[in-house]
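Chain by chain, the residues run as shown.
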Amino acid sequence: MLLIKNGRVVDPANDLDLITDLWVADGHIAALGADLHKQADQVIDASGFIVCPGLIDMHVHLREPGEEWKEDIESGSRAAVAGGVTSICCMPNTGPHIDHAGIARQIIERSRQVGLCHVHPIGAVSKNLEGKTLTEMRELSRHGCVAFSDDGMPIWHAGVMRKALEYAASFDFLIIQHAEEQMLTKGGAMNEGWISTQLGVTGMPSEGEDSMIARDIMLAKRADARYHVAHISTEGGVELVRQARAKGLKVTTEAAPHHFALTEEAVLGYNADAKMSPPLRTEADRLAVINGLRDGTIEVIATDHAPHHDDDKQCGLSCAAFGIVGLETLLPLALELERSGVLTLSALIATMTCNPARLLKLNSGTLSVGAEADICIFDPKETWLLDRNKLFSKGKNTPWHGKTMTGRVTHTLKAGAVVFSHGVLHA
Ligand SMILES: [Zn+2]
């Protein structure tokens, strides 16, 4: 039996936030409470630390199969558990795409061999992510896909989106949209505005995101479907989702840490490590994302972890690849929302545990007695310097290199086994 002693146990699924002991046996949560007079074989002293469910990141690019030099299931899993993340959902824009059951099975099998964290594939909505022909979503679901998206690409074709939503609704599947009207954003490398003008770089207007969210909400309403906006970044988009939810539509969204932590100013100096899609936006957009998190319009924080090789980033801003790594900076960046009073610690942890679990119908994201013991333990006060060369991810593309982070994962447990502690992996 493993005892996690004297930590502040925060389990939003059970509305629990108190300093107590947590007991783990046979890979599951066995009991909660001090002085239970049980015999522990192993003790983790969590005094001063937070003990919460292992984090769930519902938006990750693992690059395997197809681009293993950028990341693979093993390196991505290592980065995940180093960041306190025990479940990741991987997007289908691999090569081949996750648009047929064989690939989904292969990814799950490989992740089980690696054994560090749970990997749940997200199936493609359309074959080859071309936005033309729907995939066999039911078949993909039977083989482990937990939601559907063409992420990396928008589901641009309104007719295909309508069919996808109608089909998904009949099985209660979640459709995740990378909302980008490419007729407005084509050739863009950053947010369109004063800074893109100053830099002489083609911009991507916020209307590119807003217009597609507006279109999709109308289609989701008609289909009575569950529709989820990936990595929301604009003031207009947040407001559209807020209004849709107020009308009772099944519309949800997620925010990536970079969209509440940074603005387009990070791109000044032609910084390709601040290039992502959707791009970093204005201060008004950033504050709108924070307000969306505060009032519950945005229920999930997900990283959009997008590892790239240096060659894809160090080639000038306009031709650099979109995206940054996120798994290992998720927790310290998210904790800033608690420190600044936007969210309580419990509400913040919910955005990375029980909220995504609910959307994806996962059993994880809770410390209920009997649940699998996926656990994250962290020191909310420890400060540390982010060194890109020390990341477990193969991707070193982060705008936070050399920056001080506050809050550090001390232990990650998967099914009761310590897979990461104090900077060291145990595989
Ligand atoms: Zn995307």
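Our structure is the block above this text.
The notes below deal with the structure included here.

1. Thoughts on the environment of Trp400
Mapped onto the elements of the fold, Trp400 is located in the loop between strand E16 (375-385) and strand E17 (404-414). Exposure remark for Trp400: the relative accessible area of 8% places this residue in the buried category. Taking the C-alpha atoms as reference points, Trp400 and Ile324, 76 residues apart in sequence, are found 10.0 Å from one another. Setting aside residues up to four positions removed in sequence, Trp400 forms contacts with His258, Ala261, Leu262, Ile324, Thr329, Leu333, Leu386 and Met405.

2. Structural notes on helix H4 (residues 158-171)
Between the first and last C-alpha of H4 there are 20 Å, a value that for 14 residues agrees with the 20 Å anticipated at 1.5 Å per step. Positive phi shows up at Asp172, right after H4, with a value of about 60°.

3. Thoughts on the coordination of the zinc ion
Note on the zinc ion: its protein donors are Asp151 (OD), His178 (ND1) and His231 (NE2). The metal-donor distances range over 2.0 to 2.2 Å. For the zinc ion, the single-chain donor residues occur in sequence as D-x26-H-x52-H. Here Asp151 is found in the loop between strand E9 (148-149) and H4, whereas its partner His231 is found in the loop between strand E13 (226-229) and helix H8 (235-246), with 80 residues between them in sequence. Looking at Asp151, the relative accessible area reads 2%, which means it is buried. Taking the relative accessible area as the measure of exposure, His231 reaches 2% and is therefore buried.

4. A short note on H8
The first and last C-alpha atoms of H8 sit 17 Å apart over 12 residues, in line with the 16 Å expected at 1.5 Å per residue. Of all the positions in H8, only Gly237, Val238, Val241 and Ala244 are classed as buried. Along H8, the residues classed as buried sweep out an arc of 125° about the axis, all on the same side. Directly beyond the C-terminal end of H8, a positive phi value near 90° is found at Gly248.

Reading the values: rules and limits
- Residues numbered from 1 in each chain as written.
- Predicted model: local features only at pLDDT ≥ 70, side-chain atom pairs only at ≥ 80, totals over all residues.
- Heavy atoms only, no water.
- Helix = DSSP H or I, 4+ residues; strand = E, 2+ residues; numbered from the N terminus.
- Buried < 20%, exposed > 50% of the residue type's maximum accessible area, 1.4 Å probe, protein only.
- Contact = heavy atoms within 4.5 Å.
- Expected span 1.5 Å × (residues − 1).
- Donors = N, O, S within 2.8 Å, 3.2 Å for Na, K, Ca; no water.
- Arc of directions from axis to C-beta.

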